[in-house]
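Below are the chains, spelled out letter by letter.
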Amino acid sequence: MHRSAPRLTRILACAAVPVMLVVAGCSSDSGDGKPEGSASASRTPEAKKTPEVAPAKFTKLPDPCESIARKTVKDLVPGAKSGAAGRSSDAGSRGSCSWNGLDDNGVEGSQYRWLDVSFLRYDSDATLAVSGEQRAKDNYAKEVAKTQATEGAKDVKSSPAPGIGDEATTINYTLKKTGENFTYAVVVARTENGLVTLTYNGTGYAGAKNPSSGDLTKDALKAAKEAVASVATANK
C-alpha cells in the first residue's frame, strides 16, 4: 500500500489541474517529460524535386513549301507549280507540302512525279522527364518502321543515309495503285528535336519506262538534305 502512494498522489495531482496542462504534462507516464509521438510529429516529408530536362534546341519549323529550293523541285517534278501546303492546327510543331507534275511526251509516253515533305518538332516535357531530342529519336524509329510496313509495298529495302541530319534512313519499295506500279524513295531524317520525312515517287504512263529506284533515291536524298538544313536556318 505504501509503494502505491506516490503514484496515487501523482494521479490526484493531474486530475486537479486544467485539461490543457493534463495533455501537456500528464499524457505520458514515461517520466521523460515528452509527449508520445512528438518525434514523429516534428518530421515533415521532403518535397520531391522536378527532374531537370534539357530544353529543345529548335523552337520553330520552316515554311514546308519553301524548305526545298525551287530549282530542285523543278528538276524532280517536271511541270510542278507552287506546292500545296498540308493543313495543320499547329504550324510551329507540324507542317507539310507536296508537289506533283506530269511530263507528257506524247506517243513516247509520260512521266509522273510526286514529292512530299513533312516536318514534326518535339518540345521537352519536364513532367515526363524527357527531352525534345529523345522524343524525336523515339518517333524517328517509329516512322522508319511505319514506312517499312507500308500496306501493299513490295521489294522493301532500307539503308542508312549518312550526312543528313543526326540520323537518317532511306526506304525503297514499289507500290501498285490506280493500275500502275509506282517506284518509291522515302527518306526519314532526324535533326536534334526535329523529324523530317521526304517521300518521292513516280511512274511511267502510256508505255514509258518506270523510273529506276537508284535515280529516285539520288534525287530524294538531295531534296532531303535541303529540307533538313532548312530547319536549322529557320531557327537562326
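Residues numbered from 1 in each chain as written. Predicted model: local features only at pLDDT ≥ 70, side-chain atom pairs only at ≥ 80, totals over all residues. Heavy atoms only, no water.

1. Quick notes on the sheet that holds strand E7 (residues 194–205)
To keep it simple, the criterion reads: Should DSSP find at least two bridges between two strands, the strands are regarded as paired. Counting from the N terminus, the helices are DSSP H or I runs at least four residues long and the strands are E runs at least two residues long. Any two residues whose heavy atoms approach within 4.5 Å are treated as being in contact. Under this scheme, a helix contributes an axis fitted over its contacting stretch, all axes are lines through C-alpha atoms, and angles between N-to-C directions fall in the 0 to 180 degree range.
In space, the 7 strands of this open sheet follow the order E1-E2-E3-E7-E6-E5-E4, with antiparallel pairing throughout. Two strands in the sheet have a free side with no partner beyond their single neighbour: strand E1 (84–85) and strand E4 (154–160). Pairing of strand E5 (residues 167–177) with strand E6 (residues 180–191) involves 11 bridges; the strand directions are antiparallel. Directly across from Tyr 173, in E6, lies its bridge partner Tyr 184. Taken strand by strand, helix H5 (residues 132–148) contacts E4, E5, E6 and E7, and its axis lies near 165° from that of E6. Relative to the sheet, helix H6 (residues 213–234) contacts strand E3 (110–121), E5, E6 and E7, its axis offset from that of E6 by approximately 30°.

2. Description of H5
Our working definition: In a helix, the anticipated span is given by 1.5 Å times the number of residues less one. With a 1.4 Å probe rolled over the protein chains alone, any residue whose accessible area is under 20% of its type maximum counts as buried; one over 50% counts as exposed, and the rest are partly exposed. The arc in question is the one spanned by the directions pointing from the helix axis to the C-beta atoms.
Here H5 contains 17 residues, and its C-alpha end-to-end distance of 24 Å stays within 8% of the 24 Å for a straight helix at 1.5 Å per residue. Here H5 has its buried residues at Gly 132, Ala 136, Tyr 140, Val 144 and Thr 147. When H5 is viewed along its axis, its buried side chains cluster within an angular range of 110° and face the same direction. Residues of H5 that are exposed and point over 90 degrees away from its buried face: Lys 142 and Lys 146. Buried positions along H5 lie against E5, E6 and E7.

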